[in-house]
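What follows is each chain in one-letter form.
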Amino acid sequence: MSAVHPFPRPDTGHTLRVIEEPGRDVYWCHMHADAVPGQRACFARQLVDDILDYQRSLGGRLRARATTDSVPHVVLASDGDAFNLGGDLELFCRLIRAGDRQGLLDYARQCVRGVHAFHDGLGAGAHSIALVQGDALGGGFEAALSCHTIVAEEGALMGLPEVLFDLFPGMGAYSFLCKRIPPHQAEKLMLEGNVYTSEEMYQKGLVDVLVPRGEGIAAVEDVIRANRRIPHARAAMHQVRGFAQAVSLEEMMRITEIWVDTALQLGDKSLRTMDRLVRAQTRRSSTAMA
């Protein structure tokens, strides 16, 4: 039996919609459950905090569960028109203009903890799946890359455009990309800042499963069923990947400090570009909701 509920409390704005199927060991986490016109589908502080709260809660329950015969599956998805458009650029501009290094670092570290938890299987051996049914840009693409399997619907845009404002994606992109493609290709992807379709990302090996629009949920269920058919092999391979493809939280924290110090050097031109992107994201949300 499944349970559907906002998380974690009614007074948080319901940034997450969670569907739990403990009998199947499947847990769906939908971002942007509080979407309203004009609200950008980005990693606002409340969303980041709510994801971390849910990860801690679910991870603890999974570690304490009675059985370890199956690999639990955690699916990161979205209720918004986009999967996620990345970091909160409005917050970035405010903190950079104020020279608030600690505030920017605190936010970045929280984001890093969240994506690392998906990469680490919530510390409970979970298999994380990103279901990308809308655009995944910047930190949104980083979040997808942090998951073990990326299922994407055709037509979604994906990429790391931070170089548009003379910055780089500093919350996991480099580490996660280098587990999928050679480092020189990862650097090229980040420094060119191009945005690609999910079809193109599939050809690059950065999307694992590509399906027509509207078939993403069914594709995720297919992935889960395929894993259930070979439970011991799947569990063993999951452990092997954890050893061979591990990205340490320490590595990610060091990289994000470089990101913070780089961000604080940005000038007015870069900040004005961020301002324009914030306005474009707001207009996009209003149009999509209408």
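Residues numbered from 1 in each chain as written. Predicted model: local features only at pLDDT ≥ 70, side-chain atom pairs only at ≥ 80, totals over all residues. Heavy atoms only, no water.

(A) Geometry of the overall build of the protein chain. A count of helices and strands for the protein chain gives eleven helices and ten strands. For the protein chain, whose C-alpha radius of gyration is 18 Å, the value lies close to the compact-globule estimate of 19 Å for 290 residues. Its C-alpha atoms give the protein chain principal-axis dimensions of roughly 55 × 45 × 35 Å. When burial is assessed residue by residue, the protein chain has 50% of its 290 residues classed as buried. (Helix = DSSP H or I, 4+ residues; strand = E, 2+ residues; numbered from the N terminus. Rg over C-alpha atoms; globule rule 2.2 N^0.38 Å. Buried < 20%, exposed > 50% of the residue type's maximum accessible area, 1.4 Å probe, protein only.)

(B) Structural context of the sheet that holds strand β6 (residues 136–137). Strand order across the open sheet formed by three strands is β6-β8-β9, with mixed pairing between neighbours. The strands lining the two open edges of the sheet, one partner per strand, are β6 and β9 (195–197). One ladder, built from three bridges, connects strand β8 (residues 157–159) with β9; its direction is antiparallel. From the neighbouring strand, Met 158 faces β9, where its bridge partner is Tyr 196. (Pairing = 2+ DSSP bridges.)

(C) Inspection of the packing of aromatic side chains at higher detail. Scanning the model with the defined rule gives two aromatic pairs in all. Where Phe 92 meets Tyr 107, the ring centres are 5.5 Å apart and the plane angle is 80°; that geometry is what we call edge-to-face. Taken together, the positions of Phe 92 in helix α2 (residues 89–98) and Tyr 107 in helix α3 (residues 101–119) put the pair 15 residues apart, joining distant regions of the chain. By the burial criterion, Phe 92 is buried, and Tyr 107 matches it. An angle of 65° between the planes, with centres 5.1 Å apart, marks the rings of Phe 92 and Trp 259 as edge-to-face. (Phe/Tyr/Trp six-rings, centres within 6.5 Å; stacked < 30°, edge-to-face > 60°.)

(D) Region of the structure containing the packing of α2 against α3. Their axes nearest at 8 Å, the elements α2 and α3 cross at an angle of 150°. Classified by the interaxial angle, the pair formed by α2 and α3 is roughly antiparallel. Residues Leu 91, Phe 92, Leu 95 and Ile 96 of α2 lie in contact with α3, whose contacting residues are Gly 103, Leu 104 and Tyr 107. Of the residues that constitute the contact of α2 with α3, the class distribution is six nonpolar, one polar and no charged. (Axes fitted to C-alpha atoms, helices over the stretch in contact; angles between N-to-C directions. Parallel < 35°, antiparallel > 145°, perpendicular 65-115°, else oblique. Contact = heavy atoms within 4.5 Å. Nonpolar A, V, L, I, M, F, W, Y, C, P; charged D, E, K, R; others polar.)

(E) Quick look at the pattern of salt bridges. In total, this model carries 18 salt bridges according to the counting rule given. Taking the shortest distance from any N to any O, the salt bridge between Arg 40 and Glu 90 comes out at 3.2 Å. Pair noted here: Arg 40 is in the loop between β3 (26–31) and α1 (45–64) and Glu 90 is in helix α2, with a separation of 50 residues, a long-range link. Note that Asp 261 and Arg 101 form a salt bridge whose closest N and O atoms lie 2.7 Å from each other. With Asp 261 in helix α10 (residues 249–263) and Arg 101 in helix α3, this pair connects stretches of sequence that are 160 residues apart. Note on Asp 261: relative accessible area 32%, which makes it partly exposed. (Salt bridge = Lys/Arg side-chain N within 4 Å of Asp/Glu carboxyl O.)

(F) Looking closely at the packing of α3 against α10. Running from amino to carboxyl end, α3 crosses α10 at an angle of 145°, the nearest separation of the two axes being 9 Å. As α3 runs across α10, the sense of the crossing is right-handed. Taking contact as the criterion, the partners of Arg 101, Leu 104, Leu 105, Ala 108, Arg 109, Val 112, Arg 113, Val 115 and His 116 in α3 are, on α10, Leu 249, Met 252, Met 253, Thr 256, Glu 257, Trp 259, Val 260, Asp 261 and Ala 263. (Left-handed = near helix turned anticlockwise from the far one by under 90°.)

(G) Summary view of the pairing of strand β7 (residues 149–153). For β7, the buried fraction is high: five of the five residues fall into the buried class. Taking every second residue as pointing to the same face, both faces of β7 are buried, with Thr 149, Val 151 and Glu 153 on one and Ile 150 and Ala 152 on the other. Judged from the four bridges that link them, strand β5 (residues 127–132) and β7 form a sheet pairing that is parallel. What sits directly across from Ile 129, in β7, is Thr 149. Sheet topology places β7 next to strand β10 (residues 209–211); three bridges connect them, and they run parallel.

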